[in-house]
Amino acid sequence: MKQRSFSPSSSSFISLCAALLLGAPSLANATPATMIPVPSSLSYAADSLPLGHGLVPQVEGPGSARVQQALARLDATWSRRLGGKSLTPGAGAPYLKLHYASNGPAIPVLGEDESYSLSVDASGVDIRAATDLGILRGLATLTQLPRATDQAWTLPCLRIQDSPRFAWRGLMLDVARHWMPLEVVLRNLDAMALVKLNVLHLHLSEDQGFRIESLTHPELHIQGSDGHYFTQEQIRTIIREAALRGIRVVPEFDIPGHATSWVVSHPELASLPGPYKIEREWGIFDPVLDPTKEATYALLADVLGEMCALFPDPYFHIGGDENNGVQWNANPDIQAFIREHQLVDNPGLHAHFNQRVAALLAKHGKKVMGWDEILHPKLPAQALIQSWRGPDGVREAAKAGHPVVLSNGYYIDLCYPASDHYLNDPLPEGNGLTPEQQALVLGGEATMWAEWVNPDTVDSRIWPRTAAIAERLWSPPTARDTASLYPRLDTVSDWFEAGGSLLRLPLERAVTELSGSALPEVREAVRCVLNTVEPIKRYRRGQAQPEGNQLAPLNTLADCVFPEARLARQFREAADSYLCGPDSDKGAALAALRGQLAQWRQASDLVLRSPSPALRARWELDRAARTLAELAALGQELLEAIEGGTTPGTAQVDKAKALLERAAKTNSSATEFRFLISLRRLLAVASAPTQFTSLSPEARRRLLEQRVPHDSDLP
Ligand code: ACM
């Protein structure tokens, strides 16, 4: 092993104030993990290492731009969070030793060794790995380790052995429906690296945009993008920066459907005559390439060939989803082609198209990847399926002998809670696959579709929920405790922000814009309501806001709030504990419920009394505050009825039910209150107290689940 020492240049490193050293704590062995993803093996010692003097990096390995850049990233992140430069060459500071034998490939490859060990003791930090890639993963863990106690930042003393469960841990970014420029991609690469995601999948062409410069057919990006596309130089930057973070870049060109932006400049290759315009609406559209024309393959040979040379990864995504068949059915020549070539039906024609495209890509050494719909007996065995349509897709693909990654259940655009994504496992217990078939399940990808996000809001939709998916894909399958997940998502959000993510920006900007007042108590009240409402789930937003399209602003209440509202979730947890938890937890849960209800009443009152800026989201905020005030008052009545042993009369119950129904109705701001279920359950108990009093917590839970099912908030 070639060894050398590395110290970052002193000009950029200033040690933390020595006063911060005071009050360093001891940590108990039972300290829960704070990082995401949780390592495969972790044990804490009782001590901690003060960070007040920073750490002195010592690289014992061949040297690597990736390691140097990862150290600089660690330093920048800690500096922002810890309040000073953190990696210092000053004498007497503890060390940060990085030992590795060799550098991995400069462009990461699927299945590389990412394992590492990390130990912190009183004298310093040791990270060991076979290659620099493992060192990167260890540094990502280290980044999240500092803890603030009293006035000091310290590292807990610990030992970690860690390696990933799945080799493919991705984030798909749709840069086509809403354009996402270079800086969005770059800052999200940093966030991906922090939670050890290792595949950036760029969805580059869609009905609404062709987002990459083509040198062989510039008409594609010139006519298909409104001028919003990555230059090839920018793509090289993305690939380089991704590789420096141990991240592969997989391009997707969605064909033959979702291809309107292609046929804007090539109407002759569509399956029905044009002309065509860039699509502005959201949905599934008719335009589809004509797979019976040689000219189609000639264009693809040029453009995909050019893109194969640009993107080094062996996988090349050809989309393949959601061809609605309208154009193929309506074109008699295409139907005659299907008959002449005995292709049977449209899926047979799609398979024929995929075979041709796969052969074309194979000439450039590429393997095909595509959505569920490309699965067909004629698909080459090495083609990789990205399963999105249902829970059986992974099994079907693996049983047919294809490698597969899971995205069904990881659709972060649908605004589901982090816990839902977290519990969604690519290889759940009892999956019925043989060991060979299980080995084909490579991992998964979160999918950030961009109908309802733009560069300002996309970070707040991706993070922190995608960190829960990152843990599912990296950590052992036994890590499934959602109670421990949420505090860690809060912690990692602070590290994301320190690393440059803008995940809290939409909400904080909205606090300023919507307050109409600089008074801190008004701003706090607005923040409270914003942290209580959340966007509606699934594909319902398009129904609530049919005016939404590519050209419409994303300036409604749903755009500035998090997909999962913290205060609503905490209220649900407290109500659950109060109604169905052990008796010992009841007092604390009751206090939490009372506190939250009082805060909601006060906050909504303050919002409604504060000046109202003439903004759509403010009008929506006022409406939410009015409903919240009523809901909080109802919550207080129900709690006091239960505590006081008084049963509400029929009129009171009917009024409560009417309010809950009204509050659950889809509204034009496309937001909802996800704690209505808790009020419904409080109402169920308050109106029939004797049915619940003598029951065990478990029996109470079963009865409540019967009366008010857990998904009753999800229409
Ligand atoms: C997809 O969501 N249409 C892949």
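Conventions we followed
- Sequence positions are assigned chain by chain, starting from 1 and proceeding in written order.
- Totals for whole chains, interfaces and linings use all residues, but because this is a predicted model, local features are given only for residues with pLDDT of at least 70 and pairs of side-chain atoms are given and counted only at 80 or more.
- In computing side-chain properties, one takes all heavy atoms of the structure into account and sets aside hydrogens as well as water.
- The helix count covers DSSP runs of H or I at least four residues long, the strand count covers runs of E at least two residues long, and both are numbered beginning at the N terminus.
- Two things to know: the radius of gyration comes from C-alpha atoms, and the globule rule equals 2.2 Å times the number of residues to the power 0.38.
- Classification of residues uses two cut-offs on accessible area relative to the type maximum, computed with a 1.4 Å probe and protein chains only: under 20% is buried, over 50% is exposed, and between them is partly exposed.
- Whether two residues touch is decided by their heavy atoms; if any such pair falls within 4.5 Å, the residues are in contact.
- Expected helix span is given by 1.5 Å per residue-to-residue step, counting one fewer step than there are residues.
- Salt bridge, as used here, is a side-chain nitrogen of Lys or Arg placed within 4 Å of a carboxyl oxygen of Asp or Glu.
- Axis lines are fitted through C-alpha atoms, for helices just across the contact stretch, and the angle between N-to-C directions can take any value from 0 to 180 degrees.
- Angles are sorted into four bins: roughly parallel if under 35 degrees, roughly antiparallel if over 145, roughly perpendicular if 65 to 115, and oblique for all others.
- Residues are grouped as follows: Ala, Val, Leu, Ile, Met, Phe, Trp, Tyr, Cys and Pro are nonpolar; Asp, Glu, Lys and Arg are charged; every other residue, Gly included, is polar.
- Strands are treated as partners if at least two bridges between them are detected by DSSP.
- Here a polar contact is recorded for every N or O atom pair within 3.5 Å, except that within protein the pair must consist of a potential hydrogen donor and a potential acceptor, and residues adjacent in sequence are included only if both atoms are side-chain atoms.

For the protein, the count of helices and strands is 27 helices and 18 strands. Against the 2.2 N^0.38 benchmark of 27 Å for 715 residues, the protein shows a C-alpha radius of gyration of 27 Å, consistent with a compact globule. A principal-axis box enclosing the C-alpha atoms of the protein has dimensions of 80 × 70 × 55 Å. Relative to its full complement of 715 residues, the protein shows a buried share of 59%. Considering only residue pairs separated by 6 or more positions, the protein has 77% of its internal contacts joining residues 24 or more positions apart.

Our next topic: the side chain of D313. In this fold, D313 is placed in the loop between α7 (294-310) and β12 (315-317). Discounting chain neighbours no more than four positions away, the residues touching D313 are P108, R248, V249, V250 and K366.

Let us look at the side chain of T447. Here T447 shows up in strand β16 (residues 441-448). Sequence-distant contacts of T447, that is, excluding residues within four places in its chain, are made with M172, W371, Q386, S407, Y410, Y411, I412 and D413.

End to end, helix α21 (residues 566-580) covers 21 Å across 15 residues, agreeing with the expected 21 Å (1.5 Å per residue, within 8%). Along α21, the positions that sit buried rather than exposed are L567, A568, R569, F571, A574, A575, S577, Y578, L579 and C580.

Opposite charge on two side chains allows them to pair when their charged atoms are near. Inspection of every chain in the model, using the stated rule, returns 41 salt bridges. Here R248 ties to D313 by a salt bridge, and the two come within 2.7 Å at their closest N and O atoms. Note that R248 is positioned in strand β11 (residues 248-253) and D313 in the loop between α7 and β12, a separation of 65 residues in sequence. Each member of the pair, R248 together with D313, is buried. Across the pair E524 and R527 runs a salt bridge whose closest N-O atoms are separated by 2.7 Å. In this pair, E524 and R527 both sit in helix α18 (residues 520-530), three residues apart, roughly one turn of the helix.

Below, the discussion takes up the packing of helix α9 (residues 332-340) against helix α10 (residues 346-362). Here α9 crosses α10 at 80°, and the two axes come no closer than 10 Å. When the axes of α9 and α10 are compared, the pair comes out roughly perpendicular. From α9, I334, Q335, F337 and I338 reach across to α10, where they touch N346, L349 and H352. Here the residues of the contact of α9 with α10 sort into four nonpolar, three polar and no charged.

A large share of β16 lies buried, amounting to eight of its eight residues. Pairing of strand β8 (residues 168-174) with β16 involves six bridges; the strand directions are parallel. Within the sheet, the bridge partner assigned to L173 lies in β16 and is M448. Sheet topology places strand β15 (residues 404-406) next to β16; three bridges connect them, and they run parallel. Residue L406 lies in a different strand from β16, and its bridge partner there is G444.

Moving on to the environment of E451. Mapped onto the elements, E451 comes out in the loop between β16 and α14 (458-462). On a C-alpha basis, the gap between E451 and G548 in space is 8.6 Å, while along the polypeptide they are 97 residues apart. The residues touching E451, leaving out its near neighbours within four places in the chain, are R177, H178 and W282. Looking at E451, its side chain comes within polar contact range of the side chain of R177, at 3.3 Å.

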